[in-house]
Amino acid sequence: MSREKKYQVTAISDALTDIIVELDDESIKKLGLKKGQSIVIDDAMIEKFRSVLDKDKMVISPGGSPTNVIYGASNLGLKCAFLGCVGNDDYGYDYINNLRENNIDTYISIKKGDSGRCFTFIGTDGERSFGLDFGITKQLYPYEILHSLIRDSEYLHFSAYEFRGNNPINEATRYAIEIARKSDTKISFDLGDSGVILEARDQLKDKLFDEKIDILFANENEAEALCGNRKFEDLLQYSKLVVVKLGSEGSIAYTPEGSIHVDAYKVDHVKDTNGAGDNFQAGFFYGLHKKLPLNICLKIGNFLASNIIKRIGAQSQVKIEGIEYII
């Protein structure tokens, strides 16, 4: 009989502080951004972004897709931990403090330099576009991965964003995966961004999917980018469980035994789609930990996703106990 582990979910993530601003679609286009996608920006672009920032209307919070997931999971009562790298500046220290205040244990490397930032622009339809300034956040090395932390976690969760480019965090994430596979720790992977998937697809297939993982999360565009078609059940060649987020159409889980679809909750006005998928995953993890049926896991995820898109920001401050009894 396996022992109970301390953490339900440990996340490795780019430690990016979200700087969120609502902007009209024409202004977003002028900034050189495409809806729903992210680009890496240089100093000139940062100055261009600053010209449209209104400090009184900005929302600032710790970000990064896996970070948003454990933030939401912690709000549901799961015990979570974070692995990442920040700079020795206000953004970095605020990032650490915010996670700790949310009952997330932090195993963070602090290094000389600027912390990562994600400029997030929300269009009039609620769709988001990202400009990424990674700063020091990619400088997480394999020697900074704690074996005991990975071994004491039910799930190791990360995203394709950590595989963007040839950086130390890329190697560190692969090292954490090796530890997880030797430690009875399940591996959860979020495809994150269709552009990143197209860029890193060969690397992912060679170095991540050489052995099946436990859960693969994706939205429709990301799933299509990886498998090359819309037969999403084909993704089962990479993972024992595949969960595809369908937006207003709900979500669907694929297993070797078949598929399960659950409709979305209706939302009359979408304010901000940022974090919808991450909050969905938080709810799904909760359901798995509670050993609930897959349709209930999907339902909880849909509920959390539908609520986060009604507000600005990828994280909710609302803590909920026993969510399966109230939805």
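Everything below is about the structure shown above.
Residues numbered from 1 in each chain as written. Predicted model: local features only at pLDDT ≥ 70, side-chain atom pairs only at ≥ 80, totals over all residues. Heavy atoms only, no water.

Participant: I'd like to hear about the overall build of the chain, residue by residue, with values.
Facilitator: Within the chain one finds ten helices and 14 strands. Taken over C-alpha atoms, the radius of gyration comes to 18 Å for the chain, in line with the 20 Å a tight globule of 327 residues would show. Taken along its principal axes, the extent of the C-alpha atoms in the chain is 55 × 45 × 40 Å. Among the 327 residues that make up the chain, the fraction classed as buried is 57%. Here the analysis covers contacts within the chain between residues at least 6 apart in sequence; of these, 75% occur between residues at least 24 apart. Counting only carbon and sulfur atoms, one obtains 46% of the accessible surface of the chain, whose full area is about 14500 Å². Positive and negative side-chain charges of the chain, numbering 40 and 49 respectively, have mean locations separated by a distance of 2 Å. (Helix = DSSP H or I, 4+ residues; strand = E, 2+ residues; numbered from the N terminus. Rg over C-alpha atoms; globule rule 2.2 N^0.38 Å. Buried < 20%, exposed > 50% of the residue type's maximum accessible area, 1.4 Å probe, protein only. Contact = heavy atoms within 4.5 Å. Areas by Shrake-Rupley, 256 points an atom, 1.4 Å probe, with all protein chains shown as cover. Lys, Arg positive; Asp, Glu negative; His and termini not counted. Charge placed at Lys NZ, Arg CZ, Asp CG, Glu CD.)

Participant: Go over the sheet that holds strand 10 (residues 186-190) with me, naming the residues and quoting the values.
Facilitator: Taken in spatial order, the nine strands line up as 6-5-1-9-10-11-12-13-14 in an open sheet, and their pairing is mixed. Both edges of this open sheet fall to strand 6 (104-111) and strand 14 (258-262), since each of them pairs with a single strand only. Ignoring strand direction, the axes of neighbouring strands in this sheet form an average angle of 20 degrees. For strand 11 (residues 213-219) and strand 12 (residues 239-245), the ladder comprises six bridges, and the chain directions are parallel. Following the sheet pairing, Ile215 is matched in strand 12 by Leu241. Here helix 4 (residues 90-101) sits on the sheet in contact with strand 5 (80-87) and strand 6, set at roughly 170 degrees to strand 6. (Pairing = 2+ DSSP bridges. Axes fitted to C-alpha atoms, helices over the stretch in contact; angles between N-to-C directions.)

Participant: How would you sum up unusual backbone geometry? Please name residues and give values.
Facilitator: Although it is not a glycine, Asn103 adopts a positive phi angle of roughly 65 degrees. With respect to the helices, strands and loops of the structure, Asn103 is situated in the loop between helix 4 and strand 6. Judged by relative accessible area, Asn103 falls into the partly exposed class, the value being 47%. Phi at Lys291 takes a positive value of approximately 60 degrees, unusual for a residue other than glycine. Within the element layout of this structure, Lys291 appears in the loop between helix 9 (276-289) and helix 10 (294-308). What makes Lys291 exposed here is its relative accessible area of 74%.

Participant: An account of the pairing of strand 7 (residues 116-122) is needed here, citing residue identities and associated values.
Facilitator: In terms of burial, strand 7 is a largely internal element, seven of the seven residues being buried. Because side chains alternate across strand 7, one face comprises the buried residues Gly116, Cys118, Thr120 and Ile122, and the other comprises Arg117, Phe119 and Phe121, equally buried. Summarising the sheet, strand 2 (residues 16-22) and strand 7 pair through seven bridges and their orientation is parallel. Looking at the pairing, Ile20 lines up with Thr120 of strand 7. In the sheet, strand 7 pairs with strand 8 (residues 128-133) via six bridges, with the strands oriented antiparallel. When the sheet's bridge partners are listed, Ile122 is paired in strand 8 with Arg128.

Participant: Got a sec to walk through the sheet that holds strand 2? Specific residues and values, please.
Facilitator: Read across the sheet, five strands follow the order 3-8-7-2-4 without closing on themselves; strand pairing throughout is mixed. Whereas interior strands pair on both sides, the edge strands pair on one side only; in this sheet they are strand 3 (38-40) and strand 4 (59-63). Averaged over all pairs of adjacent strands, the angle between their axes in this sheet comes to 25 degrees, without regard to strand direction. Note that strand 3 and strand 8 share three bridges and pair parallel. The residue bridging Ser38 from the neighbouring strand is Phe130, located in strand 8. Where helix 2 (residues 43-50) meets the sheet, its contacts fall on strand 3, strand 7 and strand 8, and the angle it forms with strand 7 comes to roughly 45 degrees. Strands in contact with helix 4 are strand 2, strand 4 and strand 7; relative to strand 2, the strand with the most contacts, it is inclined by about 95 degrees.

Participant: So, the pattern of salt bridges: which residues are in play, and what are the values?
Facilitator: Within this structure, the stated rule accounts for eight salt bridges. Notably, a salt bridge pairs Asp133 with Arg117, separated by 2.6 Å at the nearest N-O pair. Residue Asp133 is found in strand 8, and its partner Arg117 is found in strand 7; the two are separated by 16 residues along the sequence. Lys240 is paired through a salt bridge with Asp214; the nearest N and O atoms lie 3.3 Å apart. Of this pair, Lys240 sits in strand 12 while Asp214 sits in strand 11, placing them 26 residues apart in sequence. (Salt bridge = Lys/Arg side-chain N within 4 Å of Asp/Glu carboxyl O.)

Participant: Mind laying out the packing of helix 9 against helix 10, listing which residues take part and the relevant values?
Facilitator: Where helix 9 contacts helix 10, the two axes come as close as 7 Å, and the packing angle between them is 145 degrees. Crossing of helix 9 over helix 10 shows right-handed handedness. On helix 10, the residues that touch Ala276, Asn279, Phe280, Gly283, Phe284, Tyr286, Gly287 and Leu288 of helix 9 are Leu294, Cys297, Leu298, Ile300, Gly301, Asn302, Leu304, Ala305 and Ile308. Counted by class, the contact of helix 9 with helix 10 contains twelve nonpolar, five polar and no charged residues. (Left-handed = near helix turned anticlockwise from the far one by under 90°. Nonpolar A, V, L, I, M, F, W, Y, C, P; charged D, E, K, R; others polar.)

Participant: Can you tell me about the layout of surface pockets, naming the residues and giving the values?
Facilitator: Looking at the largest pocket, its volume works out to about 1200 Å³. Taken together, 50 residues line the largest pocket, and the ones lying closest to its centre are Arg128, Asn219, Thr273, Ala276 and Gly277. Contributing elements (two or more residues each) for the lining of the largest pocket: strand 2, helix 3 (65-75), strand 8, helix 8 (220-227), helix 9 and helix 10. Of the residues forming the lining of the largest pocket, the biggest block, four residues, is contributed by helix 9. (1 Å grid on protein atoms, 1.4 Å probe; cavity = no way out; pocket = protein on both sides within 12 Å on 5 of 7 lines; lining within 4 Å. Points joined across faces, edges and corners; volume = space filled by probe spheres on them.)

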